[in-house]
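Per-entry structural report
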Amino acid sequence: MESSDVELDLQRSVQAVLRELSAQAPALQSNQGMWRWSLHKKVERDPAKSPALVRILLRELEKAESEDLRHVIIPLLHTLMYVLTKATGITEELYRRTYTFCTRLLTLPAPYCTVALDCAIRLKTETAVPGTLYQRLVIAEQNLTSELYPYQERVFLFVDPELVSPSVCSALLLEIEAAQVQQTPEACMRHVVSHALQAALGDACHASALQRKLKASPRGALERYFHAVVAAVEQMASDPSPSREGHQERLEEIYCSLLGPAAAARGRYCGDPLQDPQPSIPLPSPHITFHLWTDEEQLWKELVLFLRPRSQVRLSADLEALDLQGLWPDRDLARASMLSTDSGIERDLPSGADEPPGPGSPETERAGLQRKGGIRKRVWPPDVAMPACWAGPQGLHRRTGVPGGVGELVPGVSRLHTARVLVLGDDRMLGRLAQAYHSLRKRETQKFCLTPRLSLQLYYIPVLAPEKPASCRHSELRELATFLGRADPWYESTVNTLCPAIHKLAEMPPSLDTSRTVDPFILDVITYYVRMGTQPIYFQIYTVKIFRDLSQDPAEDIFLTELNVKIQDSKLPKVSGPTHTPPSAAPITDHTCLNVSVTEVVKSSNLAGRSFSTVTNTFRTATIQIQSQDQRLLTLLLDKDGRRMFRDVVRFEVAPCPEPCSGVRKTKAPWLGSHQLEVEGTKAKPKPLLMPINTFSGIVQ
């Protein structure tokens, strides 16, 4: 195909994506989500088209910037970054143009500046050291062993078998297994070596000969080449002033040692017009584990198992004191304060108090855990201060040049693991996720074993049962998906359109021919979402206290989307509510977002007889308390889930769920003598617990 024809074909595909985002082509709704996928497939099958597509996407981005078409900027930028991650043969000039464009977006408000900053950080390294993004992504997602880049990622796909049909579960599992059966560690190492050499050497790399050589290499030799390439890329990328020329020279040495000087020279200087076309280097899908959610503690258990291979690594004494391994479950995490008996003045200290103990003495061994004088108190690092030990809205999901959330929350241990938890289902599944998330955070205040080493990111794909005629239940169960689609148009176009495709996949007979190459559409979209969806939207979790007897302590539960109340044994219920619907696009500091709807049935009499009408009053509040009257009991339904129903309720109280362990501590003051008064510690107002769901842009105002 001629160059002009290639660009024209790619241009048409890009325009189709833009028309879909602009909602000006209703005829394209049946193909929603397919245009972006087909565009990436075109360059995946023919990598030589990648530079042309990068130029087209850059032109469209610059046009959107000049015409202030902001709704297409983030989708186009994500599309461009995905192409650049996979591609080889991209010129330095195109990288620099993209980087310059991202820096111009930093003057725009969030989320544009946030996404642009993330892209600019990654582009700066990729410009100097081509192939870095691809290499790091494959190493982390496939859990390849590398001392220079020890990060690991895993996607946990959770499905509730009571909410998603067995046919859908089987179809998804078969598609995941079919794609991953060929992703052996050897194949992934070959991809990393091939991509790094082609990205650095460009046309000087004889790609076909290189791949043939790698396939013929034994495992030991392949590992040596892999570690040599990783070392060259990572050492140059970590250099304060990386040199593209120096990187190219270093990889050229590896290339010559792999193919031999003569073969390498032929690939560089012969310029054979009949040479094979550039072979495609696939980007393997991430390591995905499929789970049927049947156990309330299943999420916690899977995350602990994910960390277990590194549990024997030697930890610092401070971390062992923090009970990182959870070996002492009865030990309280927070330490009690100790009252000083000295004045704090040096001359008042007893003789010998400031003499250092001898080596090997018990005092030396205890030196890290106590000091003389003053108040002895556990001092947490700023990002680990309870109750915000999970870094909350500001830290947990921030992504830079390394996997999301990576950093040191506690001195001595890096967050080397990223767990991407993806749930499929409707609003009921998100309610169950909120329960697990709350339980996870609460458990961390007791053992604190995941937070220092694990970055947790949450994703959601709505999957509902096929809609039946004359049924309004379908729309009621996807309120959160509808809100996410309104907040993020790219989420609406890419993720919210998956449900019909998933049901169509479930209806297809399974293919027994494993030799035939197929394009797994569902898996590709899931992969795109978990890789590019880095901007969270936060949802308030609510706690409800349920009283069945006012003389006894209440039961407690939490909910995310809705609490429905009905009066028992009444044909005409007077109250239906409170109902919490997804909040509007408001700052996360505004927690007065509980929407309460009270519906009253009004009975009236006239000449025609008795008639009934309903009056609904709606208001917003942060908390609410309702108590039954006239000995009428209430029935509560949490998150629209029939499995979470409470009957015979006389009173309930709803309030934003606080961060676990964020209550006010009370300490005793023994110096007050026999009164033993309790002194209430001064502490800030408890922070509300927010559950993040990752999208592509966050909330677009």
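Structure: above.
Here goes a summary of the coordinates provided. (Residues numbered from 1 in each chain as written. Predicted model: local features only at pLDDT ≥ 70, side-chain atom pairs only at ≥ 80, totals over all residues. Heavy atoms only, no water.)

**Concerning helix α8 (residues 166-180)**
In this model, α8 (15 residues) spans 21 Å end to end at C-alpha, consistent with the 21 Å of a helix rising 1.5 Å per residue. Within α8 the residues assigned to the buried category are Val-168, Cys-169, Ala-171, Leu-172, Glu-175, Ile-176 and Gln-180. What you see down the axis of α8 is that its buried residues fit within an arc of 165°, all on one side. For α8, the elements touching its buried residues are β1 (152-159), β2 (288-292), β3 (417-425), α22 (498-507) and α23 (521-532). (Helix = DSSP H or I, 4+ residues; strand = E, 2+ residues; numbered from the N terminus. Expected span 1.5 Å × (residues − 1). Buried < 20%, exposed > 50% of the residue type's maximum accessible area, 1.4 Å probe, protein only. Arc of directions from axis to C-beta. Contact = heavy atoms within 4.5 Å.)

**With respect to the environment of Leu-222**
Note that Leu-222 resides in helix α11 (residues 219-237). What makes Leu-222 buried here is its relative accessible area of 1%. Sequence separation of Leu-222 and Ala-187 is 35 residues, and the distance between their C-alpha atoms is 9.9 Å. The contact partners of Leu-222, leaving out residues within four places of it in the chain, are Glu-186, Met-189, Arg-190, Leu-214 and Ser-217.

**Describing helix α12 (residues 244-259)**
In this model α12 runs 22 Å from its N-terminal to its C-terminal C-alpha over 16 residues, within 8% of the 22 Å that 1.5 Å per residue would give. If you check which residues of α12 are buried, you get Arg-244, His-247, Leu-251, Ile-254, Tyr-255, Leu-258 and Leu-259. Seen end-on, α12 carries its buried residues on one side only, within an arc spanning 120°. Residues Glu-245, Glu-249 and Glu-253 are exposed on α12 and point more than 90 degrees away from its buried face.

**Description of the environment of Phe-158**
Along the chain, the position of Phe-158 falls in strand β1. Phe-158 sits 302 residues away from Tyr-460 along the chain, and the two C-alpha atoms are 9.9 Å apart.

**Re the packing of aromatic side chains**
Applying the stated criterion to the full structure yields 11 aromatic pairs. Centroid distance Trp-37 to Phe-521: 5.2 Å. Interplanar angle 90°. Geometry classified as edge-to-face. Placement of Trp-37 in helix α2 (residues 34-45) and of Phe-521 in helix α23 is noted, with a sequence separation of 484 residues between them. Given a relative accessible area of 12%, Trp-37 falls into the buried group. Between Tyr-459 and Tyr-529 the ring centres are 5.1 Å apart and the planes differ by 90°, which places this aromatic pair in the edge-to-face class. With a gap of 70 residues between them, Tyr-459 in strand β4 (residues 454-462) and Tyr-529 in helix α23 connect regions that are remote in the sequence. Tyr-459 sits in the buried class, given a relative accessible area of 0%. Every member of this aromatic cluster is reached through a ring pair, and the members are Tyr-82, Tyr-459, Tyr-491, Tyr-528, Tyr-529 and Phe-696. Here the basic side chain of Arg-443 rests over the ring of Trp-300, its NZ or CZ set 4.5 Å away from the ring centre. (Phe/Tyr/Trp six-rings, centres within 6.5 Å; stacked < 30°, edge-to-face > 60°. Lys NZ or Arg CZ within 6 Å of the ring centre and 35° of its normal.)

**Let's talk about the packing of helix α4 (residues 73-86) against helix α6 (residues 112-128)**
Between α4 and α6, whose axes approach to 11 Å, the crossing angle comes to 20°. Accordingly, the angle class assigned to the pair α4 and α6 is roughly parallel. Between α4 and α6 the crossing geometry is left-handed. Residues Ile-74, Leu-77, His-78, Met-81 and Leu-84 of α4 touch α6, and the partners they reach there are Tyr-112, Val-115, Ala-116, Cys-119, Arg-122, Leu-123 and Glu-126. Looking at the contact of α4 with α6 residue by residue, the classes come out as nine nonpolar, one polar and two charged. (Axes fitted to C-alpha atoms, helices over the stretch in contact; angles between N-to-C directions. Parallel < 35°, antiparallel > 145°, perpendicular 65-115°, else oblique. Left-handed = near helix turned anticlockwise from the far one by under 90°. Nonpolar A, V, L, I, M, F, W, Y, C, P; charged D, E, K, R; others polar.)

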